[in-house]
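# Analysis of the macromolecular model
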Amino acid sequence: MDDQTRMLAGMGGLGGLSQADVGDPDSVRKQQSLGQPQQDIGDILQQIMAITDESLDEAQASIRGVQEEDPPDPQIMRLDNMLLAEGVSGPEKGGGSAAAAAAAAAAGGSPNDSSIEHSDYRAKLAQIRQIYHSELEKYEQACSEFTNHVMNLLREQSRTRPISPKEIERMVAIIHRKFSSIQMQLKQSTCEAVMILRSRFLDARRKRRNFNKQATEVLNEYFYSHLSNPYPSEEAKEELAKKCGITVSQVSNWFGNKRIRYKKNIGKFQEEANLYAVKTAVDAANVSAQASQANSPATPNSGKVHSSPPIISSR
DNA sequence: TATAATGATTTATC
DNA sequence: GATAAATCATTATA
């Protein structure tokens, strides 16, 4: 069982978003056609009815619980904040495009392919958002409908026995508490679904793409022309990153990998080294030829292949 | 489809 | 914090 599956194993019914839902465009329709919420509401009614049978002490304890929640539950606050930050709750902001951009940036994707992933992420987040809001609306509606129903019942009962406003208040509080716990489950499931979605986009190893030919050439050119000290400065890394359309950390990764792999098997890279040495020499010759047309003639680079071993520090 | 190549991550070291 | 080295996970290729 992988991490994602494990995470989902704990996600229960009530509007829970499954792993399949995250990647399935039909999930919204499926959710709506399953009729699950109606069944849930039936369960809720039964639970609430059971609560009405509680002893006075238990009911009072319930109320105390409600009152204690007056300063909002830290867990709910945490969930609310996360949903807000991810763009699931709160005002529509392009389906969490900021979060998608952050995810893409953290993944170190190139500007070209990240836009594809970006829209993919946004579409899936929008799906989660839609499910979340439709479920939330259903629960809120069910809550107010049920509250009205109970109020009507109490009104009817008031004809046969005296019912204090406090008792009505108590009943309403119990109902609201029950519904808010369901909302919390919904929020929790949504948070988990968003986390799974994000982890998919953040897992760069999953989405690894080879750099394009031009980028690899630029990096190799630098590497082989600095073979005696293949450690680009921060400025050089930034320059290379810009040229290659990759991030500075990707440049660092590339040089890290290249140094170690070159050092491990210099023989294997000899041909490549020669190729880039010639290439660099030809480029230099072209540059100097152009310069000589304008100025006095300059001595071109010999094009000689590096014969001295590279100095790659070891620990 | 096995294997090589490659980009990213992790761990240890300085 | 940068880097070496080992390793992982994906992609490219024979």
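Note that the structure is predicted; figures quoted are calculated from it, not measured.

### Some thoughts on the packing of aromatic side chains
- Scanning the entire structure with this criterion turns up nine aromatic pairs.
- Ring plane angle 70° and centroid distance 5.6 Å describe the contact between Phe 223 and Tyr 262, whose orientation is recorded as edge-to-face. Linking Phe 223 in helix α10 (residues 213-225) with Tyr 262 in helix α12 (residues 248-264), this pair joins segments that are 39 residues apart in sequence.
- On the accessibility criterion, Phe 223 (0% relative accessible area) is buried.
- The interplanar angle of 75° and the centroid separation of 5.1 Å between the aromatic rings of Trp 254 and Phe 255 together place this pair among those described as edge-to-face. Comparing Trp 254 with Phe 255 shows no difference in burial state: the two are buried.
- Here a set of aromatic residues connected by ring pairs shows up, and it is made of Tyr 222, Phe 223, Tyr 224, Trp 254, Phe 255, Tyr 262, Phe 269 and Tyr 276.

### Points about the nonpolar core
- Counting 19 residues, the largest nonpolar core has Leu 219, Phe 223, Tyr 224, Leu 240, Val 251 and Phe 255 as the members making the most contacts within it.
- Taken together, the elements giving at least two residues each to this core come down to α10, α11 (234-244), α12 and α13 (266-294).
- Looking at this core element by element, the count peaks at six residues for α10.
- Residues Leu 83, Cys 191, Ala 193 and Val 194 belong to the second largest nonpolar core, which totals 16 residues.

### Some remarks on α12
- In a regular helix each residue adds 1.5 Å, so 17 residues correspond to 24 Å; α12 covers 24 Å between its end C-alpha atoms and thus fits that length.
- Those residues of α12 not exposed but buried are Gln 250, Val 251, Trp 254, Phe 255, Lys 258, Arg 259 and Tyr 262. Looking straight down α12, one finds that the buried residues subtend no more than 165° of arc, so they occupy a single side. Structural note: α12 exposes Arg 261 and Lys 264 on the side pointing more than 90 degrees away from its buried face.

### A few points about α11
- Every buried residue belonging to α11 is among Ala 236, Lys 237, Leu 240, Ala 241 and Cys 244, and all of these are buried. Axial view of α11: buried residues confined to an arc of 135°, hence all on one face. Within α11, the exposed residues directed more than 90 degrees away from the buried face are Glu 235 and Lys 242.
- On its buried face, α11 is in contact with α10 and α12.
- In the segment just after α11, Gly 245 is the residue with positive phi, at about 70°.

### Observations concerning the confidence of the model for chain A
- Counting all residues, the mean pLDDT for chain A is 71, and 58% of those residues have values of 70 or more.
- Throughout residues 51-69 the model reports pLDDT below 50, and contacts reaching past four residues in sequence, or to other chains, amount to 14 contacts.
- Predicted confidence is poor over residues 297-308, with pLDDT under 50, and the contacts of this stretch with residues over four places away or in other chains come to 14 contacts.

### Considerations on the environment of Gly 90
- On the secondary structure map, Gly 90 appears in the loop between α6 (74-85) and α7 (97-107).
- Overall, Gly 90 belongs to the partly exposed group, its relative accessible area being 29%.
- It is 9.3 Å that separates the C-alpha atoms of Gly 90 and Asp 80, two residues lying ten residues apart in sequence.
- What Gly 90 contacts, discounting residues up to four positions off in sequence, is Leu 84 and Arg 129.

### As for the packing of α10 against α11
- Following both chains from N to C, one finds α10 and α11 inclined at 155°, their axes separated by 9 Å at the closest point. One element, α10, and the other, α11, form an angle in the roughly antiparallel class. In this structure, the crossing between α10 and α11 has a hand that is right-handed. Along the contact surface, α10 presents Gln 214, Ala 215, Val 218, Leu 219 and Tyr 222, while α11 presents Ala 236, Leu 240, Lys 243 and Cys 244.
- A per-class count over the contact of α10 with α11 returns seven nonpolar, one polar and one charged.

### Quick notes on the pattern of salt bridges
- Under the criterion given, the structure shown has six salt bridges.
- Measuring nitrogen to oxygen at the nearest pair gives 2.8 Å for the salt bridge that ties Lys 187 to Asp 80. Note that Lys 187 is positioned in helix α9 (residues 165-202) and Asp 80 in helix α6, a separation of 107 residues in sequence.
- Classification of Lys 187 by relative accessible area gives buried; the value is 11%.
- Bridged by salt links that share partners, the residues Glu 217, Glu 221 and Lys 279 form one connected network.

Reading the values: rules and limits
- Residues numbered from 1 in each chain as written.
- Chains lettered and ligands numbered in written order.
- Predicted model: local features only at pLDDT ≥ 70, side-chain atom pairs only at ≥ 80, totals over all residues.
- Heavy atoms only, no water.
- Phe/Tyr/Trp six-rings, centres within 6.5 Å; stacked < 30°, edge-to-face > 60°.
- Helix = DSSP H or I, 4+ residues; strand = E, 2+ residues; numbered from the N terminus.
- Buried < 20%, exposed > 50% of the residue type's maximum accessible area, 1.4 Å probe, protein only.
- Core = buried A, V, L, I, M, F, W, Y, C linked by side-chain atoms within 4.5 Å.
- Expected span 1.5 Å × (residues − 1).
- Arc of directions from axis to C-beta.
- Contact = heavy atoms within 4.5 Å.
- pLDDT = per-residue confidence, 0-100.
- Axes fitted to C-alpha atoms, helices over the stretch in contact; angles between N-to-C directions.
- Parallel < 35°, antiparallel > 145°, perpendicular 65-115°, else oblique.
- Left-handed = near helix turned anticlockwise from the far one by under 90°.
- Nonpolar A, V, L, I, M, F, W, Y, C, P; charged D, E, K, R; others polar.
- Salt bridge = Lys/Arg side-chain N within 4 Å of Asp/Glu carboxyl O.

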